[in-house]
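One letter stands for each residue in the lines below.
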Amino acid sequence: MLHTFSVIPSGYTSDTDIPLQIYNCVLTLSYFAEIVDAVFCIDNEQLYQRMRWSPVSSFKNFNKMIAPAMTAATSSFRFRGDLNNDMRRFSTNLVPFPRLHFLQMNFAPLLNFEYIMSVPSLIHELWFPKSSVSVVNSLAGKCLSIFSIFRGNISQGEVDDCMGHFTDTNSSQFVEWIPNNTSSRVYSIPQHKFVRSAVMISNSTSFTQTLQRLLRQFNYMLSRKAFLHYFEMDSLEFTHADSNMSSLLNEYQMLETT
């Protein structure tokens, strides 16, 4: 089993080599679509939108958002538990189709380290775009599956009750043909600097936003063969990556309408 994290580039966070980053990202994601079992996506576009109103916007603050989400997402691999405590079970619950394994992460409380939130407040914040580190609008698609990890002094029973109520209330955001497509796990060991925290890992068609943005920028440059001289590769590899990612985009879009 192979899981990995992938950072999606944004022109807002780089003013030097963004064309090469776009090429590298599409080529890499095309490769990951075939050989990796799960990809945790981190989108610099979303992080920039989250930080743009901050008085001090820097890569240090970007990392303050990314690091807690990454460590929370891997909690089930590092702490003992009955649910999702290995990579195979993790992928089984979150990936209904082999190629559709690009996962989004929402973390709460984002940047508010000392803020103690109730379980309903954590779940409510997890659901909204401002808590996402993966896509600009996480409510724009349909959820295929969700796995939530809570850390701190939290009751598993309270989490199950609140999650059940919240998913019933927002049932229109889930596909109807996957039953019981939400699960959660509580670890009593709090995350560093947090009293209570939670991460929601979702497989959602909202990933189409990221794919459309990348492919649009990729095709603008590829149609003019711009910057290709920096890559010692056959141009057919770029064409194959474009075709592969366009096919992946269509697969996600089809699930939104079924």
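See above for the structure.
Residues numbered from 1 in each chain as written. Predicted model: local features only at pLDDT ≥ 70, side-chain atom pairs only at ≥ 80, totals over all residues. Heavy atoms only, no water.

Draft legend 1. Local environment of a nonpolar patch on the surface. A cluster of nonpolar side chains, contributed by L2, Y31 and I35, occupies part of the molecular surface with about 300 Å² of accessible area. Residue position: L2 is located in the segment before β1 (3-8). (Patch = residues over 30% accessible without salt bridge, like charges linked within 9 Å, V, L, I, M, F, W, Y side chains within 5 Å. Areas by Shrake-Rupley, 256 points an atom, 1.4 Å probe, with all protein chains shown as cover. Salt bridge = Lys/Arg side-chain N within 4 Å of Asp/Glu carboxyl O. Helix = DSSP H or I, 4+ residues; strand = E, 2+ residues; numbered from the N terminus.)

Draft legend 2. Focus on the packing of helix α8 (residues 207-222) against helix α9 (residues 235-256). For the pair α8 and α9, interaxial distance at closest approach is 10 Å and the crossing angle is 150 degrees. Viewed along their axes, α8 and α9 adopt a mutual orientation that is roughly antiparallel. The handedness of the crossing between α8 and α9 is left-handed. From α8, F207, T208, L211, Q212, L215, F218, N219 and L222 reach across to α9, where they touch F238, D242, M245, S246, L248, L249, Y252, Q253 and E256. Its residues placed into classes, the contact of α8 with α9 shows 10 nonpolar, five polar and two charged. (Axes fitted to C-alpha atoms, helices over the stretch in contact; angles between N-to-C directions. Parallel < 35°, antiparallel > 145°, perpendicular 65-115°, else oblique. Left-handed = near helix turned anticlockwise from the far one by under 90°. Contact = heavy atoms within 4.5 Å. Nonpolar A, V, L, I, M, F, W, Y, C, P; charged D, E, K, R; others polar.)

Draft legend 3. Spotlight on empty space enclosed by the protein. If you walk through the whole model with that rule in mind, you get two cavities of 30 Å³ or more. Looking at the largest cavity, its volume works out to about 90 Å³. In this structure, the largest cavity is lined by Q104, N106, L126, W127, S138, L139, C143, Q173, M200, S202, S204 and S206. At the level of secondary structure, the elements contributing two or more residues to the lining of the largest cavity comprise β3 (102-108) and β6 (197-204). The residue inventory of the lining of the largest cavity, partitioned by class, reads five nonpolar, seven polar and no charged. For the lining of the second largest cavity, the element with the highest residue contribution is helix α7 (residues 156-169), accounting for three residues. The class makeup of the residues in the lining of the second largest cavity is seven nonpolar, two polar and no charged. (1 Å grid on protein atoms, 1.4 Å probe; cavity = no way out; pocket = protein on both sides within 12 Å on 5 of 7 lines; lining within 4 Å. Points joined across faces, edges and corners; volume = space filled by probe spheres on them.)

Draft legend 4. Structural view of the pairing of strand β4 (residues 143-151). Counted residue by residue, β4 has nine buried out of nine residues, so it is predominantly covered. Here eight bridges tie β4 to β6, and the two strands are oriented antiparallel to one another. Each residue of the ladder has a partner; that of S145, found in β6, is N203. Across six bridges, β4 lies against strand β5 (residues 182-187) in parallel orientation. Pairing of I149 across the sheet is with R185, part of β5. Remark: the β4/α7/β5 crossover connection has right-handed handedness. (Buried < 20%, exposed > 50% of the residue type's maximum accessible area, 1.4 Å probe, protein only. Pairing = 2+ DSSP bridges. Right-handed = clockwise from strand over helix to strand, strands pointing away.)

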